Each structure stands twice: as structure tokens, then as C-alpha cells.
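# Geometric and topological summary
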Amino acid sequence: KNLPEEATFTDVKPQLRRALMREVKVKRAREMFDELKRRAGYQVLLTPPDRPRKIIDASGPGRGPANAPVTIVEFADFQCPYCSKASDVVKKVAAEYPGQVRIVFRHFPLANHPLAPRAAEASACAHEQGKFWEYHDHLFANPRELEETALKAHAVTLGLDVKPFVDCLESGRMKALVEKDKKAGEALGVNGTPAFFV
């Protein structure tokens with residue numbers, strides 16, 4: 001507790017005495033419990049359960065060195081407001097631990113976000129030109145601009161080669177990649193976004 005600056009030892013002595021007595025009682029109770037277990041021959045015969053581990057495919061656009069000791073795989077949706085907020089936190093983590101953390105992005109457009117699948121495809125098209133993260137950050141910074149015309153305009157804003165970007169987006173060939181990511185997430189139990197695996 002914070003004490004007033006003018007508090008003297010005499011003022012706090014009763015509180016200190018109670019705290020010390022509590023500590024002594026807890027310590028003595030632990031010792032007695034341990035002694036009772038020892039006398040009774042108490043043993044734990046159950047083996048502790050295995051900690052569940054999931055094998056995560058960390059393929060996809062990544063930030064940070066491939067050999068970083070920590071890899072964070074994020075499943076996210078560009079129309080999800082929580083993902084937008086989380087992206088700022090993820091960026092801070094990467095900045096705070098340079099060389100120690102790798103961030104990998106996987107697509108998981110939610111069924112109730114109709115613009116998210118196309119935004120995911122557009123980001124995959126940007127990735128073909130080495131601009132995934134710029135496009136990713138731009139989409140999260142402009143969450144109300146996910147219509148098809150806006151997705152194409154973002155490519156112009158970010159200096160992508162527009163014709164290949166538009167051809168990629170209009171061809172629909174990135175749909176399979178987005179679906180593959182989503183199925184991978186579902187297999188891991190993801191049912192909402194953002195979802196992180198470390």
C-alpha cells in the first residue's frame with residue numbers, strides 16, 4: 001500500500017505486525033502439510049498431462065529473420081477491427097525485439113465480413129510485388145476502404161505496378177491461397193480473429 005509521507009514507524013507498526021504474522025502462519029501451515037504428506041507416504045502416481053502442442057505451418061508473408069528464436073503466426077481478417085488494433089501491437093513487439101521475433105501472416109476472412117476475402121486476395125497480389133506489409137498496414141489504417149475500387153486505388157498509392165496487380169486481383173487466382181490459409185486455421189481450431197500461435 002502507498003503510505004502518506006508523514007507516516008511514522010509507530011503508525012505502521014500494527015500493519016507490519018499483522019503482515020508478518022500472516023506470513024509466519026502461511027509458512028507454518030505449508031511446513032505442517034508437507035510433514036503430514038511425508039508421514040503418510042503420500043505420492044503422486046498420476047503423470048502430468050502432456051501440454052498440447054500444435055504444428056503450425058509458418059508459411060506466408062513474414063517480418064523478421066527466418067531464423068528468429070520466436071515465430072508468431074497470426075491468422076487475421078482485414079475487415080476485423082480487433083485485427084486492426086492487434087496489428088499495432090504486433091508491430092511494436094517486432095520493433096522491440098529486432099532479430100528475435102518473426103511475424104508470419106495467414107489469411108482468415110470471417111464469414112460475416114463480406115469484403116475481407118477480396119482484401120485478402122489483394123494483399124496476396126501485393127505480396128507478388130514484394131509489398132505485402134505495406135499493403136497490409138495500409139488496409140488496417142483504412143478499414144472503411146475495402147471495396148474493389150479502393151483495393152485498386154491502394155495499389156496506386158503504394159506505388160505497385162498497377163496492371164499486374166489488377167490482372168492478379170481480377171483473375172481470382174489468389175482465392176485458392178486465401179482458402180488454403182483459412183482451412184489451415186480451421187484445422188488448428190481458429191474460429192475468430194485475430195488468432196496467434198507462438
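For the structure given in this document, a descriptive report is provided here. (Residues numbered from 1 in each chain as written. Predicted model: local features only at pLDDT ≥ 70, side-chain atom pairs only at ≥ 80, totals over all residues. Heavy atoms only, no water.)

## Side note on the state of the cysteines
One pass over the structure, following the stated rule, counts one disulfide. Between the sulfur atoms of Cys125 and its disulfide mate Cys168 the distance is 2.1 Å. Between Cys125 and Cys168 the sulfur-sulfur dihedral comes to about -80 degrees; the bridge is accordingly left-handed. With Cys125 in helix 3 (residues 116-128) and Cys168 in helix 6 (residues 162-171), this pair connects stretches of sequence that are 43 residues apart. Of the two residues, Cys125 and Cys168, neither departs from the other in class, the shared state being buried. (Disulfide = S-S within 2.5 Å. Helix = DSSP H or I, 4+ residues; strand = E, 2+ residues; numbered from the N terminus. Buried < 20%, exposed > 50% of the residue type's maximum accessible area, 1.4 Å probe, protein only.)

## A short note on the packing of aromatic side chains
Following the criterion strictly, the structure yields eight aromatic pairs and no others. Geometrically, the ring pair formed by Phe75 and Phe108 is edge-to-face, given 6.4 Å between the ring centres and 90 degrees between the ring planes. Taken together, the positions of Phe75 in strand 2 (residues 70-76) and Phe108 in the loop between strand 3 (101-107) and helix 3 put the pair 33 residues apart, joining distant regions of the chain. Residue classification places Phe108 among the buried positions, given a relative accessible area of 3%. Ring plane angle 85 degrees and centroid distance 5.0 Å describe the contact between Phe132 and Trp133, whose orientation is recorded as edge-to-face. For the pair Phe132 and Trp133, one class covers both residues: buried. (Phe/Tyr/Trp six-rings, centres within 6.5 Å; stacked < 30°, edge-to-face > 60°.)

## A closer look at the environment of Phe196
In this structure, Phe196 sits in strand 4 (residues 195-197). In this structure, the C-alpha to C-alpha distance between Phe196 and Pro61, residues 135 residues apart in sequence, is 15 Å. Apart from the residues lying within four places of it in its own chain, the contact partners of Phe196 are Ile72, Val73, Glu74, Ala86 and Val90. (Contact = heavy atoms within 4.5 Å.)

## Describing the pairing of strand 2
Judged by how many residues are buried, strand 2 sits mostly within the fold: five of seven residues are covered. Pairing of strand 2 with strand 3 involves seven bridges; the strand directions are parallel. Looking across to strand 3, one finds that Glu74 is bridged to Phe105. Crossover handedness for the path strand 2 to helix 2 (residues 81-96) to strand 3: right-handed. Direction of pairing for strand 2 relative to strand 4: antiparallel, over a ladder of three bridges. Note on strand 4: the bridge partner recorded for Glu74 is Phe196. (Pairing = 2+ DSSP bridges. Right-handed = clockwise from strand over helix to strand, strands pointing away.)

## Things to note about helix 2
In this model helix 2 runs 23 Å from its N-terminal to its C-terminal C-alpha over 16 residues, within 8% of the 22 Å that 1.5 Å per residue would give. For helix 2, the complete set of buried residues consists of Cys83, Ser84, Ala86, Ser87 and Val90. Looking at the buried positions of helix 2, the neighbouring elements they touch are strand 2, strand 3, helix 4 (132-141) and strand 4. (Expected span 1.5 Å × (residues − 1).)

## A closer look at the pairing of strand 3
When you tally the buried positions in strand 3, you get seven out of seven residues, the bulk of the element. With burial as the criterion, each face of strand 3 is covered, one bearing Val101, Ile103, Phe105 and His107 and the other bearing Arg102, Val104 and Arg106. Relative to strand 3, strand 1 (residues 62-63) runs antiparallel, the two being bridged by two bridges. The partner of Arg63 across the bridge, within strand 3, is Ile103.

## Examining the side chain of Arg102
Inspection of the secondary structure assignment puts Arg102 in strand 3. Of the side chains with opposite charge, Asp57 lies nearest to the buried Arg102, which makes no salt bridge, at 10 Å. Leaving out residues up to four positions away in the same chain, Arg102 has contacts with Gly62, Arg63, Gly64, Pro65, Ala66, Ala68, Val70, Thr71 and Ile72. (Lys, Arg positive; Asp, Glu negative; His and termini not counted. Salt bridge = Lys/Arg side-chain N within 4 Å of Asp/Glu carboxyl O.)

## Overview of the sheet that holds strand 4
Consider a sheet: its strands pair through backbone hydrogen bonds, and that pairing is either parallel or antiparallel. Spatially, 1-3-2-4 is the arrangement adopted by the four strands of the open sheet, whose pairing is mixed. On the outer flanks of this sheet lie strand 1 and strand 4, each paired with one strand and no other. Against the sheet, helix 7 (residues 175-187) contacts strand 2 and strand 3, and its axis sits at roughly 110 degrees relative to strand 3. (Axes fitted to C-alpha atoms, helices over the stretch in contact; angles between N-to-C directions.)

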